[in-house]
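Working through the structure, step by step
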Amino acid sequence: MPEIHEARRERLRAVLAAGDADAALITSLVNVRYLTGLASSNAALLVPADGQPVLATDSRYALTAQRDCPDLELLMRRAVETALADLASERGLRRLAFEAHEMTVERCDALTSARGELEPRPLGRVVEDLRMVKDAAEIALLARACAITGTAFDEVAPQIAAGMTERELAVLIDRTMIEAGAEKPAFDTIVASGPNGAIPHHTPSGRAFARGDMITVDCGARYGGYHADMTRTVVLGPPAAWQRDLYALVATAQRAGMGAAEPGAAVAEVDAAARGVIVEAGHGEHFSHGLGHGVGLEIHEAPMLGHGRPGRLADRVPITVEPGIYLPGRGGVRIEDTLVVRAGTSVAARDLLTTTTTATGRELLVL
C-alpha cells in the first residue's frame, strides 16, 4: 500500500516545511514502519522537506524492502544512520532534524562528529503525534487484533478452574490467540488471582486458583503490527458481596470514562470522569494508574489519559479505557476495552473493538 505510506510522509513533510529543517532523519523502527511499511530490526529513513525520501536498511531486508517499498529510493548499508547522514550532507541537507527522544547521545555524536557541516536539531515526537489519528487500514488491522483477542478469551474462559495456575492460564491464552490468527501476543499476558489482583501489572506465577478468587486477565493479540489491549476480571465460584460491589463500581467508572471520550475532550477530563466515580466511592487511593492510552503499532502510544496529562482527543483515535481498584491483601478489579473515538456518534454507537460474549465488562462473570 505505497499510497498510504506516501500520504503519511506528506503529513510529515508539511511539518518540516513549516519549521526550520531541510530534512528529518527517522530512526525509530516503529516510525520507519509507519512511514514506509517496512518492518525491520535495522532501518532508517531520510525525509527531505523537498525531494524524494531514502530508506536505508541492510542486505537481510533487501528483498523485503524492494517488495514492500517500491516507491522509495533504497540504500543498502549496515550502518543505516551514518549512511543517511552522509547522504544528507552530500545533498546539501544541512539542517537535519532527528528523533532526540529515541537516539542516544553516543549515536548522535557518531552522526555529527565527522560531519561538521550538519546542523542537527531535535524533531520532537512529530511522527508519534501523526500516528495518533488512524486511517481506515490501521483501524481495520486493530479491529482484527481485538477480534482475535476476544475470540481467544471466550474460548479459554470456560476452561478456568480451581487448581489451574496463573502461569498456565497465561500460556493457554497466548497459545489460543496465536491459533486464532495472532502474529504473537501484543505484550506479556497478565493473570493476577486472589490477593495478586491488587498488583496492576502482576507477573503470572505458580499460584493455583481457588474457589472465591477474583482473577484479572489482561491480554491482547498483535495482528499486522497492531496491538489489541483488553482486561477482564472474573470470579471463580459464588462471589462475595464486596467482590460484586467492587466490580459494579469499576464498571460504572468505565462507562463514565467511555462516555466522556469524544473528539475535542481533554484527556485529563476523560480520566477525571471515571476517576471521580471511584473517588466519590472512597477508593481514590486504590486507583493508582492512568485511565488509558492510545494503541496502534505500539501497545502504549499517544495519547495518554491521566490526571494532568496534556492534549485532547480527536476523531479516529483508538484508546483504551481501563479503570481499576486494587485492595492490598484482598484483590482487585480492572475492566479494559479498546475503542475508537468517533465524531458525531452516541456512546453506544462508538467503535468498541474489544468484545467478548463470556464477559462483557458490564456484569461480573462467575465461573
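Everything here concerns the structure above.
Residues numbered from 1 in each chain as written. Predicted model: local features only at pLDDT ≥ 70, side-chain atom pairs only at ≥ 80, totals over all residues. Heavy atoms only, no water.

**Things to note about the sheet that holds strand E3 (residues 54-57)**
Within a beta sheet, neighbouring strands are joined by backbone hydrogen bonds and run either parallel or antiparallel to one another. Taken together, six strands build an open sheet; the order of strands is E4-E3-E2-E1-E5-E6 and the sheet is mixed. The strands lining the two open edges of the sheet, one partner per strand, are strand E4 (73-76) and strand E6 (119-122). Taking each pair of neighbouring strands and ignoring which way they run, the sheet shows an average axis angle of 25 degrees. Relative to E3, strand E2 (residues 43-48) runs antiparallel, the two being bridged by four bridges. Paired with Leu 45 across the two strands is Leu 55, which belongs to E3. (Pairing = 2+ DSSP bridges. Helix = DSSP H or I, 4+ residues; strand = E, 2+ residues; numbered from the N terminus. Axes fitted to C-alpha atoms, helices over the stretch in contact; angles between N-to-C directions.)

**A few points about the nonpolar core**
Of all hydrophobic cores here, the largest spans 34 residues; its most connected members are Leu 12, Leu 16, Ile 26, Leu 35, Leu 45, Leu 55 and Leu 123. Secondary structure elements with two or more residues in this core: helix H1 (2-18), strand E1 (23-26), helix H2 (29-36), E2, helix H6 (126-132) and helix H7 (136-156). Top contributing element to this core by residue count: H7, with four residues. For Leu 12, the contacting residues outside a window of four places in its chain are Ile 26, Leu 35, Val 47, Val 126, Val 127 and Leu 130. Core analysis: the next-biggest nonpolar cluster, separate from the first, contains 29 residues, Met 258, Leu 305, Leu 313 and Val 333 among them. (Core = buried A, V, L, I, M, F, W, Y, C linked by side-chain atoms within 4.5 Å. Buried < 20%, exposed > 50% of the residue type's maximum accessible area, 1.4 Å probe, protein only. Contact = heavy atoms within 4.5 Å.)

**Quick notes on the packing of helix H9 (residues 241-260) against helix H10 (residues 267-280)**
Closest axis-to-axis distance for the H9/H10 pair is 7 Å, and the angle between their directions is 160 degrees. Here H10 runs roughly antiparallel to H9, going by the angle between their axes. In this structure, H9 meets H10 at a crossing whose hand is right-handed. Residues Leu 249, Thr 252, Ala 253, Ala 256, Gly 257 and Ala 260 of H9 lie in contact with H10, whose contacting residues are Val 270, Ala 273, Ala 274, Val 277 and Ile 278. When the residues that make up the contact of H9 with H10 are grouped by side-chain class, the tally is nine nonpolar, two polar and no charged. (Parallel < 35°, antiparallel > 145°, perpendicular 65-115°, else oblique. Left-handed = near helix turned anticlockwise from the far one by under 90°. Nonpolar A, V, L, I, M, F, W, Y, C, P; charged D, E, K, R; others polar.)

**A short note on the packing of H7 against helix H8 (residues 166-179)**
Closest axis-to-axis distance for the H7/H8 pair is 9 Å, and the angle between their directions is 130 degrees. In terms of orientation, H7 and H8 fall into the oblique class. Read as a crossing pair, H7 and H8 show a hand that is right-handed. In this structure, H7 uses Ile 148, Thr 149, Ala 152, Glu 155 and Val 156 to contact H8, whose residues at the interface are Leu 169, Leu 172, Ile 173, Thr 176 and Met 177. Looking at the contact of H7 with H8, its residues break down into seven nonpolar, two polar and one charged.

**Some words on the pattern of salt bridges**
Tallied over the full model, the rule gives 24 salt bridges. One salt bridge in this structure joins Glu 119 and Arg 121, with 3.1 Å as the shortest N-O distance. Assessed through its relative accessible area of 39%, Glu 119 is described here as partly exposed. With relative accessibility at 18%, the residue Arg 121 sits in the buried group. Salt bridges here are not isolated pairs; linked through shared partners, they connect Glu 6, Arg 9, Glu 10, Arg 13 and Asp 71. (Salt bridge = Lys/Arg side-chain N within 4 Å of Asp/Glu carboxyl O.)

**Description of the environment of Cys 146**
Of note, Cys 146 is situated in helix H7. Accessibility expressed as a relative area gives 0% for Cys 146, which makes it buried. A C-alpha to C-alpha distance of 8.8 Å links Cys 146 and Tyr 223, two positions 77 residues apart in sequence. Excluding residues that lie within four positions of it along the chain, Cys 146 makes contacts with Ala 228, Thr 338, Leu 353 and Thr 354.

**Here we look at the sheet that holds strand E10 (residues 221-223)**
With respect to topology, three strands assemble into an open sheet ordered E7-E10-E11, the strand pairing being antiparallel. Since the sheet does not close on itself, it has two edges, and those belong to strand E7 (184-185) and strand E11 (226-227), each with one partner. Across two bridges, E7 lies against E10 in antiparallel orientation. Its bridge partner lying in E10, Lys 184 is registered against Arg 222. Along the sheet, H7 makes contact with E10 and E11, crossing E10 at roughly 145 degrees.

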